[in-house]
Amino acid sequence: MSLVARQIETAGIPTVMIGVVEHALRALPAPRNVLVRFRLGQVFGEPGAQLQQRTILRATLGLLPRASVPGVIVELPYRWRRETYEAEAAR
Amino acid sequence: MGRRWNRFKSAIYTRWHGLTELHARYRGARGATIAQPPLAPLPRPLTACRVGLLTTAGVHHVKQHGFDMVNPDGDASYRVIAGDVRSDELTITHDYYDHRAADRDLNCVFPLERLHELVRAGEVGGVAPRHVGMMGHILGAERRRLVAVTAQEVAALFRDDRVDAVLASPG
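Residues numbered from 1 in each chain as written. Chains lettered and ligands numbered in written order. Predicted model: local features only at pLDDT ≥ 70, side-chain atom pairs only at ≥ 80, totals over all residues.

### Brief notes about helix α4 (residues 112-120) of chain B
For step 1, the next point in the chain: Where α4(B) is concerned, the buried positions are Leu112(B), Arg114(B), Leu115(B) and Leu118(B). Seen along its axis, α4(B) keeps its buried residues to an arc of 160°; they face one direction.
For step 2, the next point in the chain: Among the structural elements, α3 (50-61) of chain A together with β1 (50-55) and β5 (126-127) of chain B are those in contact with the buried residues of α4(B).
For step 3, the next point in the chain: Trailing α4(B) by a residue or two, Gly122(B) shows a phi angle of about 80°, which is positive. (Buried ≥ 20, exposed ≤ 12 C-beta atoms within 10 Å, placed from the backbone. Helix = DSSP H or I, 4+ residues; strand = E, 2+ residues; numbered from the N terminus. Arc of directions from axis to C-beta. Contact = placed C-beta atoms within 7 Å.)

### Some words on the nonpolar core
For step 1, the next point in the chain: In terms of nonpolar packing, the biggest core is built from 64 residues, with Val154(B) and Val166(B) touching the most fellow members.
For step 2, the next point in the chain: With 6 residues, helix α5 (residues 140-160) of chain B is the largest single contributor of residues to this core.
For step 3, the next point in the chain: Setting aside its immediate chain neighbours within four residues, Val154(B) contacts Val4(A), Ile8(A), Leu54(B), Tyr78(B) and Val132(B). (Core = buried A, V, L, I, M, F, W, Y, C linked by C-beta atoms within 7 Å.)

### Focus on the interface of chain B and chain A
For step 1, the next point in the chain: Contacts between the two partners involve 56 residues from chain B and, on the opposite side, 49 residues from chain A.
For step 2, the next point in the chain: In terms of residue count, the dominant contributor to the side of chain B that touches chain A is α5(B) (9 residues).
For step 3, the next point in the chain: Grouping the constituent residues of the side of chain B that touches chain A by class yields 34 nonpolar, 13 polar and 9 charged. (Nonpolar A, V, L, I, M, F, W, Y, C, P; charged D, E, K, R; others polar.)

### Regarding the confidence of the model for chain B
For step 1, the next point in the chain: When the pLDDT values of chain B are averaged, the result is 91; 94% of them are 70 or greater.
For step 2, the next point in the chain: Quick note on the complex model: pTM equals 0.90, ipTM equals 0.94. (pLDDT = per-residue confidence, 0-100.)

Written as C-alpha cells, this is what we have:
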C-alpha cells in the first residue's frame, strides 16, 4: 500500500497511511505514517465505537499538515481497550 | 483447502498481534525496496481539503467482483467505490486478515461514515467523489503489476477528481 501512496504523492497529492504492524511501516514507509497499537482488521477501532473510530481518524488526518520529513512515523498514544475516549462536545 | 488454510492462519495471527509482527518480518525479508518517499505539501487547511480513501482491506461494492483469493501472489487490481455509497452496499473479500469485526462495522477498516461526520462537523472540507478498494498481501508478479499499472491509475483517479489528500489504510 505504501507503494501506491508514494505514487499518489508523486502525482502531487499528499497522503497519510495508518498501520498497526510496526515492522511493515519501518520496512517500507509511506510519505506520512501513523502507527496505532491496535490489531489487524480493527485499525480504526472496535465495531460500533464511533467516538474511538473518529478519534483515530482525526488524529491520522492531523498528520497531513504537520509532517515535514518524508517517511515520518508518528505513534498514536491510544491503547487497545485500555483507553477512555473523551466526549467531543468540549472541542 | 488453500483458502480455508489462509483464513485459519489469518485468524490466528490477527488474534495475537505479536504474530502479525513476526509474519511481517518473515515476509519483509524478501526484497523490499527502501528509498526515500516523496512528500507533497498540503495545498490548503484540512478544513478546506477534499479527502479520498484508499484501503487495502479488500473492500468493494457487493455488485463488483471480489478479489482473486486463489493466486498466491494476491490480486493487484482495484475497485472504484463511489463517495456516496452506503456501508451496507459494501463488502470485503480478503482471506489474509480476520475481518469479522469489519463485517459488522465497516468503519473498523474503512471509516467512510466517520469521514462524512468530520465533514459535517467542519473539520474536513469534503469527501472525494470516488475512493479505491484494493487488497494487501501482494507479491511477485502482482506486486510488479501494482507498481507499473495500479498505482499509476489510482493516482490519476484521485488527481482527476481534484482530491487534496488521501488516507491509506490496511485491513
